[in-house]
Amino acid sequence: MNTSTTTSPRGPAAPGHGPAEGASPRLPRLSLAACLAGVALMVTAAAGAWLATPRLQALHGAPSLDATVPKAFGDWRALQDSVAQVDVSQGVETVQEQPYDQTVMRTYVNSRGDQIMLALAWGERQRQDVKVHRPEVCYPAQGYFVRRIGDGGPVSTAGRAEPVPTTQLLTEARGGGYEAVRYWIRIGTQYGGDGMAARWYILNEGFQGRIPDGMLVRASQRLTSAEGAAQSQALMAGFLSELVAAVPAGTRTMLVR
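Residues numbered from 1 in each chain as written. Predicted model: local features only at pLDDT ≥ 70, side-chain atom pairs only at ≥ 80, totals over all residues. Heavy atoms only, no water.

Enquirer: Can you break down the overall build of the protein residue by residue, with the values?
Expert: Per the secondary structure count, the protein includes five helices and eleven strands. Burial statistics for the protein: of 257 residues in total, 38% are counted as buried. Residue pairs at least 24 apart in sequence account for 73% of intrachain contacts in the protein once pairs closer than 6 positions are excluded. Carbon together with sulfur atoms contributes 56% to the accessible area of the protein, which is approximately 14,900 Å² in total. (Helix = DSSP H or I, 4+ residues; strand = E, 2+ residues; numbered from the N terminus. Buried < 20%, exposed > 50% of the residue type's maximum accessible area, 1.4 Å probe, protein only. Contact = heavy atoms within 4.5 Å. Areas by Shrake-Rupley, 256 points an atom, 1.4 Å probe, with all protein chains shown as cover.)

Here it is in structure tokens:
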């Protein structure tokens, strides 16, 4: 005798035991307090992002370097036809990579016939990838060998309590002859340091919501032999000190700060 078993179809779920089969799940309802907390969180995040965005902290309406730096001061006078000198850039940058908004290239002469070449380059925005170029990079890029580089000793200047730290170079041209160089680079309120120090300073300024400006002040003198380098460095230190003092106090912060 065969016995068959009949399976009854599943009945509807008992109330309180979940949705019926095939029904769409319902999204949980948020309370008014939770909605308000979410909106407040989004507003706070947006405000934090706005505050963290670096903003320009350079000189507002920066004056013309050419106009503010005198063509005559003390015993020095600018020549009408300046001597061609090493450019302040590496010579390979695109327009977007140029770190400078203003440049001044002049040659000054004193009553003894000494000539000093002056190069000033100011950039309104210094960034990690675009910042003031160091002369020890620019000179080799334009055909010079760096024979010596070191601390040039601080230069006392008007408008700044502490002397400005400088770097000195002795370079040799491929075609012969030497050039002594003395310079400082100011990025924001920072001086000296290597390229990594400048990057770190720019990064920290960015965390404070600031984009610093940058300034290169470079003096150089052509020499027939390397033996005249020490005397040249002393002459350029005095020249730079007099130069800064001759710049009007209201615009001197472009050179020193």
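Right, picking up where we left off after that structure.
Enquirer: Report on the side chain of T107, specifying residues and quantitative values.
Expert: Within the secondary structure, T107 sits in strand β4 (residues 102–109). You can call T107 buried: its relative accessible area is 1%. A polar contact is formed between the side chain of T107 and the backbone nitrogen of V83, at a distance of 2.9 Å. Setting aside its immediate chain neighbours within four residues, T107 contacts R77, A78, L79, S82, V83, Q115, I116 and M117. (Polar contact = N/O pair within 3.5 Å; in protein donor to acceptor, adjacent residues only side chain to side chain.)

Enquirer: Talk me through the pattern of salt bridges; I want residue IDs and the actual numbers.
Expert: Applying the stated criterion to the full structure yields nine salt bridges. Measuring nitrogen to oxygen at the nearest pair gives 3.3 Å for the salt bridge that ties D114 to R112. By relative accessible area, D114 is classed as partly exposed at 24%. (Salt bridge = Lys/Arg side-chain N within 4 Å of Asp/Glu carboxyl O.)

Enquirer: Report on the confidence of the model for the protein, specifying residues and quantitative values.
Expert: Confidence in the prediction of the protein, expressed as mean pLDDT, is 82, and 74% of residues score 70 or more. Predicted confidence is poor over residues 1–9, with pLDDT under 50, and the contacts of this stretch with residues over four places away or in other chains come to zero contacts. (pLDDT = per-residue confidence, 0-100.)

Enquirer: Account for the nonpolar core, naming residues and giving values.
Expert: Ranked by size, the top nonpolar core spans 30 residues in total, and within it L65, L120, F239 and L255 carry the most contacts. Of all the elements in the fold, those that place two or more residues in this core are β4, β5 (115–123), β8 (178–187), β11 (214–223) and α5 (229–246). Per-element accounting of this core gives the leading share, seven residues, to α5. With near-sequence residues (within four places) excluded, L120 lies in contact with L65, V69, Q102, T103, V104, M215, L216, V217 and L255. By size, the runner-up hydrophobic cluster in this structure holds 18 residues, among which are Y139, L169, A173 and Y183. (Core = buried A, V, L, I, M, F, W, Y, C linked by side-chain atoms within 4.5 Å.)

Enquirer: Break down the packing of aromatic side chains for me, with residues and values.
Expert: According to the stated counting rule, one finds five aromatic pairs in the structure shown. Aromatic rings pair up to connect F73, W76, Y108 and F239 into one cluster. (Phe/Tyr/Trp six-rings, centres within 6.5 Å; stacked < 30°, edge-to-face > 60°.)

Enquirer: Kindly report on the pairing of β8, identifying the contributing residues and their values.
Expert: For β8, the tally of buried residues reaches nine of ten residues, placing the bulk of the element in the interior. What sits between the antiparallel neighbours strand β7 (residues 167–173) and β8 is a turn of four residues, in which G176 has the positive phi angle 105°. Bridge count between β8 and β11: ten bridges; the pairing is antiparallel. The residue of β11 that forms the bridge with A180 is Q221. Note: β8 against strand β9 (residues 190–191), two bridges, orientation antiparallel. Bridge pairing links R186 to Y191 in β9. The turn linking β8 back onto β9 is made up of two residues, and G188 within it adopts a positive phi angle of 65°. (Pairing = 2+ DSSP bridges.)

Enquirer: Any chance you could break down the environment of R77 for me, citing the residues and the numbers?
Expert: Following the sequence through the fold, R77 ends up in strand β3 (residues 76–78). Residue classification places R77 among the partly exposed positions, given a relative accessible area of 44%. For the pair R77 and Q115, spaced 38 residues apart in sequence, the C-alpha separation works out to 9.6 Å. In contact with R77, not counting residues within four places along its chain, are K71, A72, T107, Y108 and V109.

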